[in-house]
Amino acid sequence: ANDNVTLFYVELSRNWRPYRVMTHRANRPADQDALVYEEASGAFFVGIGKTLSDAYVLITASDHVTSETHVIPAAAPQTPPQLIAARRTNHEYDVDHHGEHFYIRTNDAHKNFRLVRAPVQSPDRSSWETFIEGSDTIYITGADCFADFMVIEQRIDGLDQILIRDYAGAAQHYIAFPESAYDAGLGTNAQYQTDVLRLGYQSMVTPQTVFDYDVTGRTLTTRKVRSIPSGYDPSAYVTERLLAPGRDGAQIPISIVYRRDFRRDGTQPLYLYGYGAYGVAMSPHFSSARLSLLDRGFACAIAHIRGGDEMGYAWYEAGKLEKRSNTFNDFIDCARHLIQQHYSGAGCIVAAGGSAGGTLMGAVANTAPELWGAIIAHVPFVDVLNTMLDDSLPLTKLEWPEWGNPIKDKAAFETIRAYSPYDQIGRHPYPAMLVTAGLNDPRVTYWEAAKYVARLRATKTDANLLVLKTHLGAGHAGKSGRYDSLYETAEEYVFALRALGMAN
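Remember, predicted model here, so these are calculated numbers, not experimental data.

Reading the values: the criteria
Residues numbered from 1 in each chain as written. Predicted model: local features only at pLDDT ≥ 70, side-chain atom pairs only at ≥ 80, totals over all residues. Heavy atoms only, no water. Helix = DSSP H or I, 4+ residues; strand = E, 2+ residues; numbered from the N terminus. Buried < 20%, exposed > 50% of the residue type's maximum accessible area, 1.4 Å probe, protein only. Pairing = 2+ DSSP bridges. Axes fitted to C-alpha atoms, helices over the stretch in contact; angles between N-to-C directions. Patch = residues over 30% accessible without salt bridge, like charges linked within 9 Å, V, L, I, M, F, W, Y side chains within 5 Å. Areas by Shrake-Rupley, 256 points an atom, 1.4 Å probe, with all protein chains shown as cover. Salt bridge = Lys/Arg side-chain N within 4 Å of Asp/Glu carboxyl O. Core = buried A, V, L, I, M, F, W, Y, C linked by side-chain atoms within 4.5 Å. Contact = heavy atoms within 4.5 Å. Phe/Tyr/Trp six-rings, centres within 6.5 Å; stacked < 30°, edge-to-face > 60°. Parallel < 35°, antiparallel > 145°, perpendicular 65-115°, else oblique. Left-handed = near helix turned anticlockwise from the far one by under 90°. Nonpolar A, V, L, I, M, F, W, Y, C, P; charged D, E, K, R; others polar.

1. Side note on unusual backbone geometry
No. 1: Positive phi, close to 60°, is recorded for N4, a residue that is not glycine.
No. 2: By the element assignment, N4 lies in the segment before β1 (6–12).
No. 3: The phi torsion at D54 lies on the positive side, around 70°, for a residue other than glycine.
No. 4: By the secondary structure assignment, D54 is in the loop between β4 (45–50) and β5 (56–62).
No. 5: The class for D54 is partly exposed, based on a relative accessible area of 40%.

Quick look at the structure:
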């Protein structure tokens, strides 16, 4: 807090759920720490932050589709939290501050969010005034308040855009970036009073780059480009953005990269990654590790399937709950489109995904096994039905808005059972598969991967390699440490090369 004495912090419950906010005052015993906020629902995670203006402490409570924010003046940290807007199912909002107003990004009136402002004295919904309207074509993904201007992060046609505008609405402009397909966003900007913004930028051929943007001069200055110790020539690689026709008429974006000497004859190997859940967009990012595959003749692609929010919030909604099958169908349709366009061939594709992307891997292994030469499923959420039926697990209640509640909803039960990878394992051939788990994973329990692989072994009709690797000292993100992480990536790539008969 601004008194330089009070510290706000979040505590975890026994099952690793962040559930309450406490304050500690310097030079006082910890047993005198005071409770500020406690979340009793069991379905929401609690977090804390601060407005860029340094004027307010923010206390947030949210699941995947609903949120709620309380504010406390940072200069008066003993003030009881003030609620901005009470939670309503499927209403998400976040808060920043400038002058006499809170600025609130909200999806109350449009799926793609609008921006409103409200007086700090009465910030409840009855006082909300539209500042930027919602749009069918512009998806507002973030808003940050600086002293002299606002920064509005948007996505238009699936591409990141950054809008600078003043508070009167008299002047605004977009930041111009040097490539046609990229990933860009605000970096760490700690100064409220500034005319220079720190930005992060990358593409599938451009390494992670830090820019400083002069708001007045509208110029980008490169501050740092990630170095590739082994050497890297970006001109040796090509990236494209494709659209795959979905079986229901949807146009599914694909980001792809390959060497300039790549032969599009339908015989080359392809590494295809997908996620498709929680409204998380998979950006066309750079990977130095990926170069190992590209230089061996692979094309590498990201399928921007429904369930993510690449094409707006409706793109997310079209891949969740009862529409979850769109996610799996989109991935398969992307693979078939890449085959039709001769980027690869059936049996030459390595499909990869983790966590909810592991659900995807399990589903496409069941429904289109002939397409894949190998499948990599990291910490896969494959026992969906059993997990969603067990509300004693740390995340189950939090996950119901994403997957459905099969305890209370029979339709949700049948929908989940129809695609749950463990429940739909069939007596037919499967591709070579690498499945990983983490003994200390609080998100996807290690026994999901174990029972999934055991059932596969007992049911599948092929002799293809099936490997289960459980990390006994790791959690959801695998081993920590730079070199351990690189070792795991190398292990994955070696498995893929062996499965395709390319290892030597």
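So much for the structure itself; the text now carries on.
2. Concerning the sheet that holds strand β2 (residues 18–25)
No. 1: Strand order across the open sheet formed by three strands is β1-β2-β3, with antiparallel pairing between neighbours. Single-partner strands in this sheet number two, and they are β1 and β3 (34–38). Neighbour to neighbour, the strand axes of the sheet diverge by 25° on average, direction disregarded.
No. 2: Sheet topology places β2 next to β3; four bridges connect them, and they run antiparallel. By the bridge assignment for β3, T23 is matched with A34.

3. Observations regarding a nonpolar patch on the surface
No. 1: Together, L439, Y446, W447 and L472 make up an exposed nonpolar region whose accessible area comes to about 410 Å².
No. 2: For Y446, the position within the fold is in helix α8 (residues 446–459).

4. Observations regarding the nonpolar core
No. 1: Of all hydrophobic cores here, the largest spans 84 residues; its most connected members are I256, L272, F331, L338 and W372.
No. 2: Beyond its immediate sequence surroundings of up to four residues, L338 is in contact with L242, I254, I256, L270, L272, A301, Y343 and S344.
No. 3: Counting 18 residues, the second-largest nonpolar core is a separate cluster that includes F149, I164, F177 and L186.

5. Section: the pairing of strand β13 (residues 150–156)
No. 1: Burial analysis of β13 places six of its seven residues in the buried class, which makes it a mostly covered element.
No. 2: For strand β12 (residues 138–145) and β13, the ladder comprises seven bridges, and the chain directions are antiparallel. Bridge pairing in β13 links G142 to E153.
No. 3: Between β12 and β13, which follow one another and run antiparallel, lie four residues.
No. 4: Here seven bridges tie β13 to strand β14 (residues 159–165), and the two strands are oriented antiparallel to one another. Directly across from R155, in β14, lies its bridge partner D160.
No. 5: Where β13 hands over to β14, the hairpin turn is made up of two residues, of which D157 adopts a positive phi near 55°.

6. Describing the sheet that holds strand β6 (residues 67–73)
No. 1: Read across the sheet, four strands follow the order β4-β5-β6-β7 without closing on themselves; strand pairing throughout is antiparallel. Edge positions in the sheet fall to β4 and β7 (82–83), since each of these pairs with one other strand and no more.
No. 2: Pairing analysis gives two bridges linking β6 to β7, with the strands arranged antiparallel. Bridging across to β7, H70 finds its partner in L83.

7. Considerations on the packing of aromatic side chains
No. 1: Applying the stated criterion to the full structure yields 22 aromatic pairs.
No. 2: Look at F177 and Y182: their rings are 5.1 Å apart centre to centre, the planes differ by 45°, and that puts the pair in the tilted class.
No. 3: Look at Y182 and you get buried, because its relative accessible area is 4%.
No. 4: Between the aromatic rings of Y278 and W403, the centroid separation amounts to 6.2 Å while the plane-to-plane angle is 75°, which identifies the pairing as edge-to-face. Of the two residues, Y278 is situated in the loop between β22 (270–273) and α1 (291–294) and W403 in helix α6 (residues 396–403); the sequence distance between them amounts to 125 residues.

8. A few points about the pattern of salt bridges
When the charged atoms of two side chains with opposite charge come close together, those side chains can pair.
No. 1: Taken as a whole and judged by the stated rule, the model has 27 salt bridges.
No. 2: The salt bridge involving K50 is made with D54; its shortest N-O contact spans 3.7 Å.
No. 3: Linking R198 and D212 is a salt bridge whose minimum nitrogen-to-oxygen distance equals 2.5 Å. Taken as a pair, R198 in strand β17 (residues 196–202) and D212 in strand β18 (residues 209–214) lie far apart in primary sequence, 14 residues in all.
No. 4: By relative accessible area, R198 is classed as partly exposed at 33%.
No. 5: Connected via shared salt-bridge partners are E11, R20 and E38.

9. Description of the packing of helix α3 (residues 325–340) against helix α4 (residues 356–367)
No. 1: Closest axis-to-axis distance for the α3/α4 pair is 10 Å, and the angle between their directions is 65°. One element, α3, and the other, α4, form an angle in the roughly perpendicular class. Considering how the two elements wind past one another, α3 and α4 form a crossing that is right-handed. Taking contact as the criterion, the partners of T327, F328, F331 and I332 in α3 are, on α4, T359, L360, M361, A363, V364 and T367.
No. 2: Residues of the contact of α3 with α4, tallied by class, amount to seven nonpolar, three polar and no charged.

10. Concerning the side chain of S135
No. 1: By the element assignment, S135 lies in the loop between β11 (129–132) and β12.
No. 2: Ignoring sequence-local partners within four residues, the contact set of S135 consists of H110, N112 and F113.

Take it as geometry only, folks, not as evidence of what the structure does.
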